[in-house]
Amino acid sequence: PEVVERSVEVCVIGAGPAGLEAALACAEAGRSTLLVDDQLRPGGSLRADPHTSETTRMGTGRERAELALAQALKAGVAVLSRATAIGFFPEDDGGVLAVAAPEQLHRVKARAWIWATGGYPVNLPFADNDRPGVIAARAVGRLLVDHGILGGDKVCVVEVPEVADDAAVLAQALADAGADVVRVPLSQALGARGRSWVTAIDTANGRVDCDLVAVAAIPSPASEGPRQQGCKVTLDPPRGGFRVVVDEHGRTSSAGVWACGDVTGYVGPAHAATDGARVGANVAGSF
């Protein structure tokens, strides 16, 4: 593949709510900014978020993602979509991030790096949680919000307390779309039933028939990239796992490297966007 050399003032990795807002803040401050995202279209967890925004009067997360992307592009952010940050090489010319795109390999150099890679959906520990039809609540939300697809007629949401608010919003959105929805705390979930596809969840209060199980767990921070740059992480189970440690400004333990949003511990799409805007402004003002 063709190798493309890129040099910018700020490179933001991850185009979820935090990354989009961080890139926008940097570009609006006059900093040359590159936004790297491995998805088909930027937005990240916003595209699975059925919350509506009272402040902007926008619709679901998909509309907010499109608005944030349009604002970033207008401000001058260069966006690499379908592009994966595959490795950081500190020994190469002071540090190079290798980014693999479909037909090109980008070698990115930057004065400041912002990791906004969010978190991974994870499963929850109940018996037979690998049955077909047991999927992440975020995936169920993405089907509904981004694609207009109702994943099941009878949906059981298995959840932990830390994401109860998000689970409630998803359950209401599914119900509004026509599904029968039952929420089950993980502490009461005994196991899934079904062979070729899930048919029920056994709970401490009896059997719940369903044709889809949405697992609402705390996303695990996607901290692999920051670790390659030497950023300190700490195990914080209530925040999802190994999160990147940052100070009050968003700085990591590595010089010139910042982080925001769920990669620093789960906060959810709305708070991630606010954090991204704050950290992006701090980065822009740090030169």
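Coordinates for the structure precede this section.
Since we're looking at a predicted model, the values are computed, not measured.

Chemist: How would you explain the overall build of the protein chain if you had to name every residue and give the values?
Modeler: Along the backbone of the protein chain there are six helices and 18 strands. Expected size for 287 residues packed as a compact globule is a radius of gyration near 19 Å; at 20 Å, the protein chain falls within 12% of this value. Taken along its principal axes, the extent of the C-alpha atoms in the protein chain is 60 × 40 × 35 Å. The buried share of the protein chain, taken over its 287 residues, is 48%. For the protein chain, contacts bridging at least 24 residues in sequence account for 61% of all contacts bridging at least 6. Element-wise, carbon and sulfur atoms account for 50% of the exposed surface of the protein chain, whose accessible area totals about 13100 Å². For the protein chain, the separation between the mean place of its 26 positive charges and that of its 34 negative charges on side chains is 2 Å.

Chemist: Tell me what's going on with the packing of helix H1 (residues 17–28) against helix H6 (residues 269–284), and back it up with residues and numbers.
Modeler: For the pair H1 and H6, interaxial distance at closest approach is 7 Å and the crossing angle is 30 degrees. For the element pair H1 / H6, the angle class is roughly parallel. Note on packing geometry: the crossing formed by H1 with H6 is right-handed. Side by side, H1 and H6 meet where Pro17, Ala18, Glu21, Ala22, Ala25 and Cys26 of the first sit next to Pro269, Ala272, Ala273, Gly276, Ala277, Gly280, Ala281, Val283 and Ala284 of the second. Across the contact of H1 with H6, the residue classes break down as twelve nonpolar, two polar and one charged.

Chemist: Outline the sheet that holds strand S13 (residues 206–209), supporting the account with residue identities and numerical values.
Modeler: Pairing between the strands of a sheet is mediated by backbone hydrogen bonds and can be parallel or antiparallel. Here we have three strands laid out as an open sheet, ordered S11-S12-S13, and antiparallel in their pairing. Of all strands in the sheet, those with a lone pairing partner are strand S11 (189–194) and S13, marking the two edges. Here the average twist between neighbouring strands, direction ignored, is 25 degrees. Here four bridges tie strand S12 (residues 198–203) to S13, and the two strands are oriented antiparallel to one another. Opposite Asp202, over in S13, you have Arg207 as the bridge partner.

Chemist: An account of the sheet that holds strand S14 (residues 212–216) is needed here, citing residue identities and associated values.
Modeler: Pairing within the open sheet is parallel, and its four strands lie in the order S8-S14-S9-S10. The open sheet has two edge strands with one neighbour each: strand S8 (134–136) and strand S10 (180–185). Each strand of the sheet is rotated relative to its neighbour by a mean of 25 degrees, with strand direction disregarded. Where strand S9 (residues 154–159) meets S10, six bridges bridge the pair, whose relative direction is parallel.

Chemist: Pulling in residues and values, what's your account of the nonpolar core?
Modeler: Nonpolar side chains in soluble globular proteins generally cluster together in the buried interior. Membership of the largest hydrophobic core comes to 32 residues, with the highest contact counts inside it found for Phe126 and Val213. For this core, the element with the highest residue contribution is S14, accounting for five residues. For Val213, the contacting residues outside a window of four places in its chain are Phe126, Gly133, Val134, Ile135, Cys156, Val158, Val198 and Ile201. Membership of the second largest hydrophobic core comes to 22 residues, among which are Ala15, Val77, Ala112 and Ala116.

Chemist: Give a description of the pairing of strand S17 (residues 241–244) that names residues and reports values.
Modeler: Relative to S17, strand S16 (residues 233–236) runs antiparallel, the two sharing four bridges. When the sheet's bridge partners are listed, Val233 is paired in S17 with Val244. Once S16 ends, the chain turns through four residues before running back antiparallel as S17, passing Gly240 with a positive phi of about 115 degrees.

Chemist: Let's hear about the packing of aromatic side chains: which residues, and what values?
Modeler: The tally for this structure, following the rule as stated, stands at one aromatic pair. For the ring pair Phe88 and Trp113, a centre distance of 5.4 Å and an interplane angle of 85 degrees mean the geometry is edge-to-face. In this pair, Phe88 is assigned in strand S4 (residues 84–89) and Trp113 in strand S6 (residues 104–115), connecting sequence segments 25 residues apart. We note that Phe88, like Trp113, is buried.

The rules we used
Residues numbered from 1 in each chain as written. Predicted model: local features only at pLDDT ≥ 70, side-chain atom pairs only at ≥ 80, totals over all residues. Heavy atoms only, no water. Helix = DSSP H or I, 4+ residues; strand = E, 2+ residues; numbered from the N terminus. Rg over C-alpha atoms; globule rule 2.2 N^0.38 Å. Buried < 20%, exposed > 50% of the residue type's maximum accessible area, 1.4 Å probe, protein only. Contact = heavy atoms within 4.5 Å. Areas by Shrake-Rupley, 256 points an atom, 1.4 Å probe, with all protein chains shown as cover. Lys, Arg positive; Asp, Glu negative; His and termini not counted. Charge placed at Lys NZ, Arg CZ, Asp CG, Glu CD. Axes fitted to C-alpha atoms, helices over the stretch in contact; angles between N-to-C directions. Parallel < 35°, antiparallel > 145°, perpendicular 65-115°, else oblique. Left-handed = near helix turned anticlockwise from the far one by under 90°. Nonpolar A, V, L, I, M, F, W, Y, C, P; charged D, E, K, R; others polar. Pairing = 2+ DSSP bridges. Core = buried A, V, L, I, M, F, W, Y, C linked by side-chain atoms within 4.5 Å. Phe/Tyr/Trp six-rings, centres within 6.5 Å; stacked < 30°, edge-to-face > 60°.

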